[in-house]
Amino acid sequence: MSDLINDYWTKTPPDIQRNWDDLYAKQRKNRMQDCIDDYLQDDAVEARRVYEEILSCVDDVRQYHKDQYDKANELYNLLLGNRNPFPPE
C-alpha cells in the first residue's frame, strides 16, 4: 500500500509549461482549420481567392515587421547621435 502523503511530496511535478505549449499549438491549428473551413465551405469563394487572401495576410505581416524594423533602426541611429538637424516634416 502506498503512502499518499509521501507520494504527494516526492512525486515529480508535471511539466506545466510543456502542457500549455502543446495545448496552444493545438488551439492555433484549430483556429487555422476554422479559417480554411470557412473559405472552403463558402460556395461563392473560389480556390484562387483563398490563395490570394492567404498571400495578402502573410504580406501584411511582412510589412508590419518591416515598418517596426525601420522604426527601431531610426531610433537606434538617433541614440548613437546620428541625427539630421533639419528633419523632413
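About the thresholds
- Residues numbered from 1 in each chain as written.
- Predicted model: local features only at pLDDT ≥ 70, side-chain atom pairs only at ≥ 80, totals over all residues.
- Heavy atoms only, no water.
- Helix = DSSP H or I, 4+ residues; strand = E, 2+ residues; numbered from the N terminus.
- Rg over C-alpha atoms; globule rule 2.2 N^0.38 Å.
- Buried < 20%, exposed > 50% of the residue type's maximum accessible area, 1.4 Å probe, protein only.
- Lys, Arg positive; Asp, Glu negative; His and termini not counted.
- Charge placed at Lys NZ, Arg CZ, Asp CG, Glu CD.
- Salt bridge = Lys/Arg side-chain N within 4 Å of Asp/Glu carboxyl O.
- pLDDT = per-residue confidence, 0-100.

### Structural notes on the overall build of the protein chain
Within the protein chain, the regular secondary structure consists of three helices and zero strands. Over its C-alpha atoms the protein chain spans a radius of gyration of 25 Å, topping by over 25% the 12 Å that the globule rule assigns to 89 residues. Across its three principal directions, the C-alpha atoms of the protein chain cover 80 × 55 × 15 Å. Taking all 89 residues of the protein chain together, the buried fraction comes to 2%. Seen as two clouds, the 12 positive and the 19 negative side-chain charges of the protein chain have centres 5 Å apart.

### Points about the environment of Trp20
With respect to the helices and strands, Trp20 occurs in helix H2 (residues 16-40). According to the relative accessible area criterion, Trp20 is exposed, its value standing at 53%. Linking Trp20 and Ile54, residues 34 residues apart in sequence, is a C-alpha distance of 27 Å.

### A look at the environment of Phe86
Tracing the backbone through its elements, the reader meets Phe86 in the segment after helix H3 (47-79). Measuring from C-alpha to C-alpha, the distance between Phe86 and Arg48 comes to 48 Å, with 38 residues separating the pair along the chain.

### With respect to the pattern of salt bridges
Across all of its chains, the model carries four salt bridges by this definition. Of the charged contacts, one joins Arg48 and Glu52 as a salt bridge, the two residues approaching to 3.0 Å between their closest N and O atoms. Of this pair, Arg48 and Glu52 both sit in helix H3, separated by four residues, roughly a single helical turn. Glu52 sits in the partly exposed class, given a relative accessible area of 43%. The partner of Asp59 in a salt bridge is Arg62, with the nearest N and O atoms 3.1 Å apart.

### Some points on the confidence of the model for the protein chain
When the pLDDT values of the protein chain are averaged, the result is 88; 92% of them are 70 or greater. Here helix H1 (residues 4-10) stands out as the least confident element of the protein chain, with mean pLDDT 78; H3 is the most confident, with 94.

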